[in-house]
Amino acid sequence: MSKLYSDELAGVYDKIYQGFIDYKAEYTFYAGICKKYKANSVLELACGSGNLAKSFSESFEDYLGLDFSKPMLNLARQKYPEGNFRQGDMRNFKLPNKYDAALITGRSTSYLLLDNDLERTFASISKVVQESSLLIFDCIYANKFIPYIKQNPAVIHEHHTDGIRYFRKTNWSKNKDGKERLIDWTSSYFKDNGVEVEIIGNDFSIFRVFKIEEIKSLLAKIGFQVLDISERKTYAFDTFVVVAKYKANLY
């Protein structure tokens, strides 16, 4: 797992990504899908520091945010004390209630490096959703991302807040030992107050990019029927968003 979700850098993640990601737009997008299919209760997997929790909690009948990282959940509870959060691994978890929709946002599927990780995640979700409930998630799009990093092996992303410039220098390359489409990601995070530039953290992680065909196949194996797949741009790379419906007796 990335260091960003550890005690060392969880605060860095929370601060910097406020400028990288428009969380109001993220909520509007995913809530729109939920409401289109009349989902009233929402389980958010890999909820991180809870940037979507308050909006979902206030607009839906029930919300639960689940994340593997205790430091990230600590931040979520600090920001939204009334929120309903639980620590757990999305590859293997159980819950007392069932939900109308399960969400995995923020390209968190990228940390499911093996097909078995995805299968276990989808299988765990199938046990906590209703028949015909939704599974909504995004993936980094291999067909576009791999050509992109060949052209752009190093990039900088930045944002300004409270008179301070935060920026991230990233290097990425294909993982040489990975059998899947795995990417090595190395980043350094900086704070520039106009007088001096301070390094505030370094991070290394391995993540996975996906093709649409493999996602469809793994979903069908567990009993999810794909309703829609659409491309979506983010601040750093292209993704595709999958909307699927659980059908226990699909075959």
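First things first, this report covers the structure right here in the doc.

The rules behind each value
Residues numbered from 1 in each chain as written. Predicted model: local features only at pLDDT ≥ 70, side-chain atom pairs only at ≥ 80, totals over all residues. Heavy atoms only, no water. Salt bridge = Lys/Arg side-chain N within 4 Å of Asp/Glu carboxyl O. Helix = DSSP H or I, 4+ residues; strand = E, 2+ residues; numbered from the N terminus. Buried < 20%, exposed > 50% of the residue type's maximum accessible area, 1.4 Å probe, protein only. Core = buried A, V, L, I, M, F, W, Y, C linked by side-chain atoms within 4.5 Å. Pairing = 2+ DSSP bridges. Axes fitted to C-alpha atoms, helices over the stretch in contact; angles between N-to-C directions. Contact = heavy atoms within 4.5 Å. Right-handed = clockwise from strand over helix to strand, strands pointing away. Phe/Tyr/Trp six-rings, centres within 6.5 Å; stacked < 30°, edge-to-face > 60°.

Concerning the pattern of salt bridges
For the structure on display, the rule yields 13 salt bridges. Of the charged contacts, one joins glutamate 26 and arginine 232 as a salt bridge, the two residues approaching to 2.8 Å between their closest N and O atoms. Taken together, the positions of glutamate 26 in helix H2 (residues 23-36) and arginine 232 in strand E10 (residues 224-233) put the pair 206 residues apart, joining distant regions of the chain. Considered together, glutamate 26 and arginine 232 belong to a single accessibility category, that of buried residues. Aspartate 238 is the salt-bridge partner of lysine 233, the closest N and O atoms lying 3.1 Å from each other. The exposure class assigned to lysine 233 is exposed, which follows from its relative accessible area of 66%.

Some details on the nonpolar core
Cys34, Phe56, Phe85 and Ile136 are the most contacted members of the largest nonpolar core, which totals 31 residues. Those elements giving two or more residues to this core turn out to be helix H1 (10-20), H2, helix H3 (53-59), helix H4 (70-79), strand E4 (99-104), strand E5 (129-140), strand E7 (164-174) and strand E11 (238-246). If you tally residues by element for this core, the top one is H2, at six residues. Counting residues in each nonpolar core, the second largest holds 30 residues, with Leu118, Phe122, Phe210 and Ile215 among its members.

A word on the sheet that holds strand E6 (residues 154-161)
Spatially, E6-E7-E8-E9 is the arrangement adopted by the four strands of the open sheet, whose pairing is antiparallel. Looking at which strands have only one partner, the edges of the open sheet turn out to be E6 and strand E9 (197-208). Within the sheet, the average angular offset between the axes of one strand and its neighbour, ignoring direction, is 20°. As paired strands, E6 and E7 are joined by eight bridges and run antiparallel to one another. Residue pairing across strands places threonine 161 opposite isoleucine 164, the latter belonging to E7. On top of the sheet, helix H6 (residues 142-151) reaches E6, E7, strand E8 (182-192) and E9; it is set at about 105° to E7, its chief contact.

A short note on the sheet that holds E11
Read from one edge of the open sheet, seven strands run E3-E2-E1-E4-E5-E11-E10, paired in mixed fashion. The open sheet terminates on both sides in strands that have one partner only, identified here as strand E3 (85-87) and E10. The sheet shows a mean angle of 20° between the axes of neighbouring strands, taken without regard to direction. Of the pairings in the sheet, the one linking E4 to E5 comprises five bridges and is parallel in character. The residue bridging tyrosine 99 from the neighbouring strand is valine 129, located in E5.

So, the pairing of E4
The buried count for E4 comes to five of six residues, which makes it a mostly enclosed element. Pairing analysis gives four bridges linking strand E1 (residues 41-45) to E4, with the strands arranged parallel. Each bridged residue has a counterpart across the sheet, and for glutamate 44 the counterpart in E4 is leucine 103. A crossover connection joins E4 to the parallel E5 through helix H5 (residues 115-126); in handedness this β-α-β unit is right-handed.

What about the packing of aromatic side chains?
Counted under the stated rule, the structure contains 17 aromatic pairs. Where tyrosine 141 meets phenylalanine 240, the ring centres are 5.4 Å apart and the plane angle is 80°; that geometry is what we call edge-to-face. Highlighted residues: tyrosine 141 in the loop between E5 and H6 and phenylalanine 240 in strand E11, separated in sequence by 99 residues. Since its relative accessible area comes to 11%, tyrosine 141 is described here as buried. Residue classification places phenylalanine 240 among the buried positions, given a relative accessible area of 0%. Ring centres 5.2 Å apart and planes at 75° place the aromatic pair phenylalanine 145 and tryptophan 172 in the edge-to-face group. Placement of phenylalanine 145 in helix H6 and of tryptophan 172 in strand E7 is noted, with a sequence separation of 27 residues between them. Owing to a relative accessible area of 1%, phenylalanine 145 belongs among the buried residues under this scheme.

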